[in-house]
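Summary of structural features
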Amino acid sequence: MRQILFFAVAVLLAGGYFARYADRAVMPPSAQTAAVEPAYQPRQPTTSGRNLVLDSDRQGHFKVEARIDGRYVDFLVDTGASTVVLRETDAAQAGIRPRPSDYTATVSTANGKIKAAPAKLDRIELGGITVYDVPALVLPDEVLGQNLLGVSFLSRLKRYEYANGRLVLEQ
């Protein structure tokens, strides 16, 4: 019985030693000391003249900062939105302040039908891309969490294309 107990302890010690050795043999020394980096690193949009390449965020969305008539506004690029849609607060910063009587358009959203105010944006600039006279809608802040850069902007480009987690815009 005593011999079996000594043998079991020897096997456990040998197994622990070999397991530790195996981990070091498989993992290169540089990987043992390297700091862990996050899997997602957002990058600035790549622009070359009238082309723009956007990387998606962790949720697969394309978020951009565009200029409307010289003022910076954050957008979510939305190929499912037929027009550019602005929150009232951001529209006001860009100089668009619809009156209650201006809310004449009815739009269908994920939350149902809502009244919106039609507007026309003189200019939207995104990287080296500029589009003039863009139809848009203004919605109350409480029904729209984020401004949408929709097809009324995208359709004025030469092309927009999604591939490999990137969105390519070309004018």
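Quick notes on the rules
- Residues numbered from 1 in each chain as written.
- Predicted model: local features only at pLDDT ≥ 70, side-chain atom pairs only at ≥ 80, totals over all residues.
- Heavy atoms only, no water.
- Helix = DSSP H or I, 4+ residues; strand = E, 2+ residues; numbered from the N terminus.
- Buried < 20%, exposed > 50% of the residue type's maximum accessible area, 1.4 Å probe, protein only.
- Polar contact = N/O pair within 3.5 Å; in protein donor to acceptor, adjacent residues only side chain to side chain.
- Contact = heavy atoms within 4.5 Å.
- Core = buried A, V, L, I, M, F, W, Y, C linked by side-chain atoms within 4.5 Å.
- 1 Å grid on protein atoms, 1.4 Å probe; cavity = no way out; pocket = protein on both sides within 12 Å on 5 of 7 lines; lining within 4 Å.
- Points joined across faces, edges and corners; volume = space filled by probe spheres on them.
- Nonpolar A, V, L, I, M, F, W, Y, C, P; charged D, E, K, R; others polar.
- Phe/Tyr/Trp six-rings, centres within 6.5 Å; stacked < 30°, edge-to-face > 60°.
- Pairing = 2+ DSSP bridges.

Here T109 is to be found in strand β6 (residues 105-109). T109 sits in the partly exposed class, given a relative accessible area of 35%. A C-alpha to C-alpha distance of 9.0 Å links T109 and V143, two positions 34 residues apart in sequence.

As a further point, take the side chain of N147. Along the chain, the position of N147 falls in the loop between β8 (129-139) and β9 (148-149). Polar side-chain contacts of N147 include one of 2.7 Å to the backbone nitrogen of R87. Not counting residues within four places of it along the chain, the set of residues in contact with N147 comprises V73, D74, F75, L76, V85, L86, R87 and D90.

Turning our attention to the nonpolar core. Soluble globular proteins: nonpolar side chains tend toward being buried together. Core analysis: the biggest nonpolar cluster contains 31 residues, and F75, V84, L121, I124, L149, F153 and L169 have the highest contact counts within it. For this core, the secondary structure elements donating two or more residues are β2 (51-55), β3 (63-68), β4 (71-77), β5 (84-87), β7 (112-126), β8, α4 (151-154) and β11 (166-170). Setting aside anything within four residues of it in sequence, one finds L121 in contact with I68, V84, L86, I96, Y132, D133, V134 and A136. If you look at the next biggest cluster of nonpolar residues, it comprises nine residues, including A116, L137, L139 and L148.

For the rest of this paragraph, the subject is the layout of surface pockets. One number sums up the size of the largest pocket: a volume of about 310 Å³. Considering the residues around the largest pocket, the lining is formed by 16 residues, among which V85, S108, T109, L139 and L148 are closest to the centre. Among the secondary structure elements, those contributing two or more residues to the lining of the largest pocket are β6 and β8. Of the residues in the lining of the largest pocket, the class split is nine nonpolar, six polar and one charged.

Under the defined criterion, the tally for this structure stands at one aromatic pair. Both rings, one in F62 and one in Y162, keep their centres 5.9 Å apart while their planes meet at 75°; by these two values the pair is edge-to-face. With a gap of 100 residues between them, F62 in the loop between β2 and β3 and Y162 in strand β10 (residues 159-163) connect regions that are remote in the sequence. For Y162, a relative accessible area of 55% gives the class exposed.

Moving on, we come to the pairing of β2. Residues of β2 alternate between two faces, with L52 and L54 buried on one and N51, V53 and D55 left unburied on the opposite face. Bridge count for β2 against β11 is five bridges, and the pairing is antiparallel. By the bridge assignment, L54 is partnered in β11 with L167.

Functional significance is not addressed by these values, which are geometric in nature.
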